[in-house]
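Notes for the structure review
Take a look at the letters that make up each chain.
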Amino acid sequence: MTENWSIAHSSELYHIEGWGHPYFDINEAGNVTVSPRGDEKKLDLFELVENLKKRDVNLPLLIRFSDILADRLARLHQCMQEAIARYDYPNIYRGVYPVKCNQHKQLVEALVDYGKPYHFGLEVGSKPELMIALATLDIDKTGETLLICNGYKDKEYLETALLAQQLGHNLIIVVEQIKELFITLELSEKLNLKPQIGVRAKLKTKGSGHWGNSTGEKAKFGLTIPEILTVYKTLQEKDLLHCLKLLHFHIGSQISSIAVIKDAIREAGQIYVQLTQMGAGMKYLDVGGGLAVDYDGSKTNFYASKNYNMQNYANDIVAGIKDCCDEANIHPPILVSESGRAIASHHSVLIFNVVNSNTPPYKLPEPVKEKEHLLIRNLWETYESIDEENYQEMYHDAVQFKDEAISLFNFGYLTLTQRARAEQIYWACGHKIYNIMKHQAYVSDDLEGLADLMISTYYINLSVFQSAPDAWAIDQLFPIMPIHRLNEKPTEKAILADLTCDSDGKIDKFIDLLDIKKSLELHKLENINNNEKNPQYKPYYLGMFLVGSYQEIMGNLHNLFGDINVVHLANENDNYQLQYIVKGDNVANVLEYVEYKSDELQERLRRLTENALRENKLTLEQSQLLLKNYDHNLRSYTYLT
Ligand SMILES: *Cc1c(COP(=O)(O)O)cnc(C)c1O
C-alpha cells in the first residue's frame, strides 16, 4: 500500500461510482468487484481472471455477466411500471430488444428467456436478424410479445415476415420507405393474409451527439408527413385502415439530453393522435431506442453521458403521451420502446493485459566534465539551475540546446555518443521541470507540449479495431481502469497502444468529469526480473467497461487478430458458475476468413523445407522444428499468451 492513497482515492480518480453503480466497485484488497445483480453479493474480478487463466482461458477476454443483463431488463420494466402507475396511464408497456445491438446467440436467447414474464419481444432491422428472431422468439399465445420488423426491406424479407405472422407471432412490419408498403400489399393479397403495418416517422426533432443524424429532414430512415399520408390514403382506398397499427420513431442512439426526448415525444404523440382520429387502427406507439448510458459518470448532456436517469425517461414518455391523448380524448396506446444500449452495455467487461511500457527515458545523468562539448556543458548548466522560479525559461533553453545538438550532429560536428549524452540530459531537464510543473496551480500553454511528452505508452494485448471499434471509429469513450492494485497510487500517466501495426490502434482519450483526459493514470509495471535490461513484468490487468452493446459486432480482423475468448458467468444456487466458454479464434480460423486453407499452407511449407534440406540449408532437426512450430501456430490464439 502507498501512503496517503486508499481505494477511496482510486474510486474518485476512475469515477467508478458514477458509471459503475450498482454493478462495479472496489474492495479492500484493491481489486474491482462485480455485483451481477446490483446487490451485496460481489465477485472479485481480479481473482476471477486469475482463475480463468489457470483454466487456460487467456487474455484478452470478454466476460459476460448474464445476471446484469437480467437486472437491466428488470429495471427498465420497473421504471415503466412505476411511471404507468404514477400517471394513471390506462394502458401497458411492451418492450422489444433491438437485435442489432448485440446479435450473439447466447445473449439474444438469454434476453428472450429473462423477458418472458414481461412479454418482452424483439426488433429486427434486416433479413438475417429476422432469421435470428424467428429461431429464438417463442410463440406467445397471448399475442402480447411483439416482433417488430424495421430496416430496409426487399420482397424476400417482407414475404418471410408475412408468413412468420402465420406462425403465431405478433409481427408488425414498419414501413420505412413507401415502396415497402406497395410490396407488402401486393404480397399479402397474393398470400391472402392481413398484414399488421406500422410507419416510421421522420421527426423534425433533431437528435444530438454521434448518432444525431437519425432524425431531421436528412434522416436516412423513415417517412415524411406527406408520405405517411400516402400510406394512409392507400390503405383507406383498399379498406385496410385497420391494419395500420403502429407509429414508430427513432431519433438516434445515446440521446444525452432529456429535452430532445421530450420534444420527440410531443411531436410523435400528435401524429399518433391525428392518425387515430382519422380512423387508422392505431394501437402502439414505439419510441425506438436512444436511452443513453452514462459512460463517464458525469450525469451531464455531454455525449458520453446523459442528464437523466431511466425513471426520468420512463416518466417523460408516459406523461407526454398521456397529455397528448387526454387533450384529444383518445385512448392511449400500448407503449413500446427499443432500448439496446441501455440493456446490453453493462453486462460485458473486456479484460486485457499490459505487455510492456514505454516511459519517457530517464536516467540521472553523470555530471559534466570540463572537456566535454560546449553544448553539453550548456545543457548540464540548464539542468542544474532549474527551480520553481525559472522552470519555464529553462524549458525553452533546454529545447533550444537539444535542437542545436541535433543540427550539429547532422553536420558531423557531434558524435553519436555526444548526441546520446545531450538527449539524456535534455530528458532529465524535462523530468525535473515536469515535477515542478505538476505542483503548480497554473501552467502556461507553451509547457503543455512538455506535459504531453511525459505521457507514457502502455502496450496492450488487444486489437482496438477488433474489440472496441467505436473507441477508434467514432471516438466513443469507455471507462477503462486497472482491476487490481487500486490501493496503490498510480504514478504514471499513459496512453494505450495496441498490438496492431496501425498507428490508429491506440486509445488516447479517456473519461473525465470535465470534458476528456488525454492520458490515463496507471501503475508502474513491476519488474520481477533482477535484470533491468531484460525486464519481466508482473501481470497488470486493465478492464474496459460497459462494452456489451455494438462493440462485439463491428469488429474486423485488423492484422488478423481474431475473436477473443468469451466466458459467461451465471448464478446457480447462489454461486457464480462458468456457464460456458466460447474460445476465441485460432490462427487457422482467421486465415480461413481470408481464404487460406491450413493444409495447403502446411503443404507449401513442407515443400520449401524439403528443398532447403536438399540444399543443406537446414538440418533435419531444424526442418522438423520449423514444421512443428508452424503447425502449433496455426492452432494457437491470435493474441499474445
Ligand atoms: C439502433 C436502433 C435501436 C437501438 O438504439 P439504442 O440507442 O441502442 O437503444 C432501436 N431502434 C432502431 C430502429 C435502431 O436503429
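Quick caveat: nothing in here was measured; it's all calculated off a predicted structure.

From N to C terminus, the chain includes 22 helices and 23 strands. Structurally, the chain occupies a C-alpha span of about 100 × 75 × 55 Å along its principal axes. Here the chain, with 641 residues, has 53% of them falling under the buried criterion. Of the roughly 30,300 Å² of accessible surface on the chain, a fraction of 49% belongs to carbon and sulfur atoms. The distance from the centre of the 65 positive side-chain charges to the centre of the 87 negative ones in the chain is 4 Å.

Mapped onto the elements, Cys429 comes out in helix H15 (residues 416-437). Here the alpha-carbon distance between Cys429 and Leu379, two residues 50 residues apart in the chain, equals 8.4 Å. When sequence neighbours within four positions are dropped, the list of residues in contact with Cys429 reads Leu379, Tyr383, Ile386 and Ala398.

Moving on, we come to helix H3 (residues 45-54). Burial in H3 covers these residues: Leu45, Phe46, Leu48, Val49 and Leu52. One side of H3 carries all its buried residues, which in axial view fall inside an arc of 160°. You can read the cap of H3 off the contacts: a side-chain oxygen lies 3.0 Å from the backbone nitrogen of Phe46, and it is on Asp44. Asp56 occupies a position one or two residues after H3 and carries a positive phi of about 70°.

Looking now at the sheet that holds strand E3 (residues 43-44). Here 3 strands make up an open sheet; going across it, the order is E1-E2-E3 and the pairing antiparallel. The two strands at the open ends of the sheet, each matched to only one other strand, are strand E1 (24-26) and E3. In the sheet, E1 pairs with strand E2 (residues 32-34) via 3 bridges, with the strands oriented antiparallel. Residue pairing for E2: Ile26 is matched across the bridge by Val32.

Taken N-terminus to C-terminus, the directions of helix H13 (residues 374-385) and helix H14 (residues 391-410) make an angle of 160°; their axes are 10 Å apart at the nearest point. Classified by the interaxial angle, the pair formed by H13 and H14 is roughly antiparallel. The hand of the H13/H14 crossing is left-handed. The segment H13 lies against H14, with Leu375, Asn378, Leu379, Thr382 and Ser385 engaging Met394, Asp397, Ala398, Phe401, Glu404, Ala405 and Leu408. Classifying every residue of the contact of H13 with H14 by side-chain character gives 7 nonpolar, 3 polar and 2 charged.

This next bit is on the site of the ligand. Neighbouring the ligand are 16 residues; Lys100, Ser253, Glu338, Gly340 and Tyr550 lie closest to it. At a separation of 2.5 Å, an oxygen atom of the ligand approaches a polar side-chain atom of Lys100. Glu338 has a polar side-chain atom sitting 2.6 Å from a nitrogen atom of the ligand. Coverage of the ligand by the protein chains reaches 92% of its 390 Å² of free accessible surface.

Okay, the pairing of strand E14 (residues 456-460) next. Across the 5 residues of E14, 4 count as buried, placing the element largely inside the fold. The pairing of strand E13 (residues 348-358) with E14 spans 4 bridges and is classified as antiparallel. Pairing of Ser357 across the sheet is with Tyr458, part of E14. Pairing of E14 with strand E16 (residues 492-497), which is carried by 4 bridges, proceeds in the parallel orientation. If you follow Tyr459 over to E16, its bridge partner there is Ala497.

Turning to the packing of aromatic side chains, a few remarks are in order. A full pass over the atoms with the stated rule returns 12 aromatic pairs. Taking 4.9 Å as the distance between ring centres and 40° as the angle between the ring planes, the aromatic pair formed by Trp19 and Phe545 counts as tilted. Residue Trp19 is located in helix H2 (residues 16-20), and its partner Phe545 is located in the loop between strand E21 (541-544) and helix H19 (551-554); the two are separated by 526 residues in the primary sequence. Across the pair, Phe545 and Trp19 agree in class, each one buried. Where Tyr23 meets Phe24, the ring centres are 6.5 Å apart and the plane angle is 65°; that geometry is what we call edge-to-face. Exposure class is identical for Tyr23 and Phe24. Each is buried. The rings of Trp19, Tyr23, Phe24 and Phe545 are connected pair by pair, giving a single aromatic cluster. Taking the ring centre of Tyr426 as reference, the NZ or CZ of Lys402 above it sits at 4.7 Å.

Here the focus is the side chain of Ser35. In this fold, Ser35 is placed in the loop between E2 and E3. Leaving out residues up to four positions away in the same chain, Ser35 has contacts with Pro22, Tyr23, Lys41 and Lys42.

Those places that UniProt annotates as "binding site: substrate" (unreviewed entry) correspond, in this numbering, to Leu285, Asp286, Val287, Gly288, Gly289, Gly290, Leu291, Ala292, Val293, Asp294 and Tyr295. A relative accessible area of 3% means that Val287 is categorised as buried. Once residues within four sequence positions are removed from consideration, Val287 is found in contact with Phe249, Ile265, Tyr313, Ile317, Val336 and Ser337. Relative to the helices and strands, Ala292 is located in the loop between strand E11 (284-286) and helix H11 (310-328). Look past the residues within four positions of Ala292 in its chain and what remains in contact with it is Gln254, Ile255, Ser305, Lys306 and Tyr308.

With respect to the element layout, Lys283 can be found in the loop between helix H10 (258-277) and E11. A relative accessible area of 40% means that Lys283 is categorised as partly exposed. Residues in contact with Lys283, not counting those within four places in the same chain, are Lys245, Tyr272, Pro333 and Ile334.

Turning next to the nonpolar core. The biggest cluster of nonpolar side chains holds 87 residues, and the ones touching the most others in it are Tyr97, Leu122, Leu235 and Leu247. Here the element with the most residues in this core is H10; it accounts for 10 residues. Shared between two domains, this core holds at least three residues of each, these being domain 1 (1-82 + 466-584) and domain 2 (91-339). For Leu247, the contacting residues outside a window of four places in its chain are Val199, Ala201, Ala268, Ile271, Tyr272, Met282, Tyr284, Leu285 and Asp286. Core analysis: the next-biggest nonpolar cluster, separate from the first, contains 67 residues, Tyr23, Leu61, Val349 and Ala471 among them.

Rules of the game
Within each chain, residue numbers correspond to sequence positions counted from 1 in written order. Residue-level local features of this predicted model are given only where pLDDT is at least 70; pairs of side-chain atoms are given and counted only at 80 or more, and the full residue set underlies all totals for whole chains, interfaces and linings. Side-chain metrics rest on all non-hydrogen atoms present in the structure, leaving aside hydrogens and water. Put simply, DSSP H or I for four residues or longer makes a helix, DSSP E for two residues or longer makes a strand, and each gets a number counted from the N terminus. The rule is simple: take the accessible area with a 1.4 Å probe, protein chains only, and divide by the maximum for that residue type; under 20% is buried, over 50% is exposed, in between is partly exposed. Note on areas: Shrake-Rupley with a 1.4 Å probe; residue coverage comes only from the protein chains shown. Under this rule, positive means Lys or Arg and negative means Asp or Glu; His and the chain ends count for nothing. To locate a charge, take atom NZ for lysine, CZ for arginine, CG for aspartate or CD for glutamate. Two residues qualify as a contact provided that any one of their heavy atoms is within 4.5 Å of a heavy atom in the partner residue. Directions are taken from the helix axis to each C-beta atom, and the arc is the one they span. Think of a polar contact as two N or O atoms within 3.5 Å of one another; within protein, one of them needs to be a possible hydrogen donor and the other a possible acceptor, and neighboring residues in sequence only count if both atoms come from side chains. The criterion for strand pairing is that DSSP finds at least two bridges linking the strands in question. Axis lines are fitted through C-alpha atoms, for helices just across the contact stretch, and the angle between N-to-C directions can take any value from 0 to 180 degrees. An angle below 35 degrees is treated as roughly parallel, one above 145 as roughly antiparallel, one from 65 to 115 as roughly perpendicular, and anything else as oblique. Note on convention: the crossing is left-handed when the near helix lies turned anticlockwise from the far helix by less than a right angle, right-handed when the turn is clockwise. In this count, Pro and Cys sit with the nonpolar residues alongside Ala, Val, Leu, Ile, Met, Phe, Trp and Tyr, while Asp, Glu, Lys and Arg are called charged and the others, Gly among them, polar. Summary of the distance rule: residues count as near a molecule or strand when at least one heavy atom falls within 4 Å of that molecule or strand. A pair of Phe, Tyr and Trp rings is counted when the ring centres sit within 6.5 Å of each other, with Trp represented by its six-membered ring. The angle between the planes then sorts it: under 30 degrees is stacked, over 60 is edge-to-face, the rest tilted. Two conditions define a charge located above a ring, namely a distance within 6 Å from the ring centre to NZ of Lys or CZ of Arg, and an angle within 35 degrees of the ring normal. UniProt positions are given in the numbering used here, feature names are shortened, and annotations may be inferred rather than shown by experiment. We call a set of buried Ala, Val, Leu, Ile, Met, Phe, Trp, Tyr and Cys residues a nonpolar core when their side-chain atoms join them within 4.5 Å. The split into domains, and so the bounds of each, comes from an automatic or database assignment of domains.

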